[in-house]
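Summary of the model geometry
Okay, here's what each chain looks like letter by letter:
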Amino acid sequence: MESQDFKECVAEWLKLQKAGEAKEAKEYYYANLFDNVIKQFNAREKGSMDEPVDVLFSILGFSPEPIVLGAKLLQPKTHTLVST
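Predicted model only: the values in this text are computed from it and were never measured.

Right, let's talk about the packing of aromatic side chains for a bit. In this structure the tally under the stated criterion is four aromatic pairs. With a centroid separation of 5.1 Å and 85° between ring planes, the pair formed by Y29 and Y30 is classed as edge-to-face. With a relative accessible area of 10%, Y29 lands in the buried category. Here Y30 falls in the partly exposed class, since its relative accessible area comes to 29%. When the centroid spacing of 5.2 Å and the interplanar angle of 80° are considered together, the rings of Y30 and F34 count as edge-to-face. With relative accessibility at 9%, the residue F34 sits in the buried group. Here the aromatic residues W13, Y29, Y30 and F34 are joined through ring pairs into a cluster of three or more.

This brings us to the layout of surface pockets. Its volume calculated, the largest pocket comes out at about 150 Å³. If you go around the largest pocket, the residues you meet are N42, E45, K46, G47, M49, D50, E51, P52, K72, L73, L74 and Q75. Of all the secondary-structure elements, those providing two or more residues to the lining of the largest pocket are α3 (34-45) and α4 (65-74). Per-element accounting of the lining of the largest pocket gives the leading share, three residues, to α4. Per-class residue counts for the lining of the largest pocket are four nonpolar, three polar and five charged.

About the thresholds
Every chain is numbered on its own, with residues counted from 1 as its sequence reads. Only residues with pLDDT of at least 70 are given local features in this predicted model, and only at 80 or more are side-chain atom pairs given and counted; all residues enter the totals for whole chains, interfaces and linings. By convention in this description, side-chain values take in all heavy atoms of the structure and omit both hydrogens and water. Here a Phe, Tyr or Trp ring, Trp counted by its six-membered ring, pairs with any other such ring whose centre lies within 6.5 Å, and the pair is stacked when the planes are under 30 degrees apart, edge-to-face when over 60, and tilted otherwise. For every residue, the accessible area (1.4 Å probe, protein chains only) is compared with the maximum for its type, and the residue is labelled buried under 20%, exposed over 50%, or partly exposed between those bounds. For cavity detection a 1 Å grid was placed over the protein atoms alone, and a set of points counts as a cavity when a 1.4 Å probe fits there but cannot get out; an open set counts as a pocket when protein lies on both sides within 12 Å along at least five of seven lines, with lining residues being those that have an atom within 4 Å of a point. Grid points are joined across faces, edges and corners, and a volume is the space filled by probe spheres set on the points. Helical segments are the DSSP runs of H or I of at least four residues, strand segments are the runs of E of at least two, and each set is numbered from the N terminus. Each residue is assigned to one of three groups, with Ala, Val, Leu, Ile, Met, Phe, Trp, Tyr, Cys and Pro labelled nonpolar, Asp, Glu, Lys and Arg labelled charged, and all others, Gly among them, labelled polar.

Below is the structure:
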(Lines give C-alpha, C1' and ligand atoms only; values in the text may rest on other atoms or scores of the structure.)
Protein backbone atom coordinates (compact mmCIF):
# COMPACT_ATOMS: atom_id res chain seq x y z
CA MET A 1 0.00 0.00 0.00
CA GLU A 2 1.45 3.34 -0.97
CA SER A 3 1.86 6.02 1.65
CA GLN A 4 -0.96 8.18 0.25
CA ASP A 5 -3.34 5.20 0.13
CA PHE A 6 -2.42 4.37 3.71
CA LYS A 7 -3.08 7.96 4.82
CA GLU A 8 -6.46 7.91 3.07
CA CYS A 9 -7.36 4.64 4.78
CA VAL A 10 -6.32 6.07 8.16
CA ALA A 11 -8.49 9.13 7.51
CA GLU A 12 -11.48 6.93 6.65
CA TRP A 13 -10.91 4.77 9.73
CA LEU A 14 -10.71 7.86 11.97
CA LYS A 15 -13.87 9.24 10.35
CA LEU A 16 -15.73 6.05 11.28
CA GLN A 17 -14.33 6.20 14.82
CA LYS A 18 -15.37 9.84 15.30
CA ALA A 19 -18.84 9.07 13.93
CA GLY A 20 -19.29 6.49 16.69
CA GLU A 21 -19.25 3.58 14.25
CA ALA A 22 -17.01 1.40 16.42
CA LYS A 23 -17.92 -1.95 14.84
CA GLU A 24 -17.52 -0.62 11.31
CA ALA A 25 -14.25 1.11 12.24
CA LYS A 26 -12.86 -2.12 13.69
CA GLU A 27 -13.84 -4.10 10.60
CA TYR A 28 -12.37 -1.41 8.34
CA TYR A 29 -9.11 -1.37 10.33
CA TYR A 30 -8.55 -5.11 10.04
CA ALA A 31 -9.63 -5.24 6.40
CA ASN A 32 -7.72 -2.19 5.14
CA LEU A 33 -4.99 -1.14 7.57
CA PHE A 34 -3.73 -3.97 9.74
CA ASP A 35 -1.51 -5.70 7.16
CA ASN A 36 0.26 -2.41 6.49
CA VAL A 37 0.56 -1.68 10.22
CA ILE A 38 2.32 -5.05 10.65
CA LYS A 39 4.73 -4.27 7.79
CA GLN A 40 5.51 -0.81 9.16
CA PHE A 41 6.01 -2.16 12.68
CA ASN A 42 8.38 -4.88 11.48
CA ALA A 43 10.34 -2.41 9.34
CA ARG A 44 10.63 0.04 12.25
CA GLU A 45 11.65 -2.61 14.80
CA LYS A 46 13.87 -4.63 12.44
CA GLY A 47 17.18 -5.27 14.11
CA SER A 48 15.84 -5.03 17.66
CA MET A 49 15.68 -8.84 17.70
CA ASP A 50 18.66 -10.65 16.21
CA GLU A 51 17.08 -14.08 16.07
CA PRO A 52 13.73 -15.77 16.74
CA VAL A 53 12.80 -16.64 20.31
CA ASP A 54 12.14 -20.18 21.46
CA VAL A 55 8.86 -19.63 23.33
CA LEU A 56 6.36 -16.79 23.48
CA PHE A 57 3.49 -16.74 25.97
CA SER A 58 0.71 -14.28 25.12
CA ILE A 59 -2.39 -13.34 27.08
CA LEU A 60 -5.26 -12.47 24.78
CA GLY A 61 -7.15 -9.40 25.90
CA PHE A 62 -9.48 -7.07 24.03
CA SER A 63 -7.41 -6.88 20.84
CA PRO A 64 -5.31 -9.46 19.04
CA GLU A 65 -3.14 -6.70 17.56
CA PRO A 66 -0.33 -6.66 20.18
CA ILE A 67 -0.09 -10.45 20.01
CA VAL A 68 0.15 -10.47 16.22
CA LEU A 69 2.73 -7.67 16.17
CA GLY A 70 4.82 -9.34 18.87
CA ALA A 71 4.68 -12.73 17.19
CA LYS A 72 5.64 -11.29 13.79
CA LEU A 73 8.62 -9.50 15.33
CA LEU A 74 9.80 -12.25 17.68
CA GLN A 75 9.09 -15.20 15.35
CA PRO A 76 8.73 -17.73 18.19
CA LYS A 77 9.31 -21.41 17.58
CA THR A 78 6.43 -22.09 20.00
CA HIS A 79 3.64 -19.61 20.70
CA THR A 80 1.20 -20.28 23.53
CA LEU A 81 -1.94 -18.15 23.75
CA VAL A 82 -3.88 -17.84 26.98
CA SER A 83 -7.41 -16.42 26.99
CA THR A 84 -10.39 -16.33 29.29
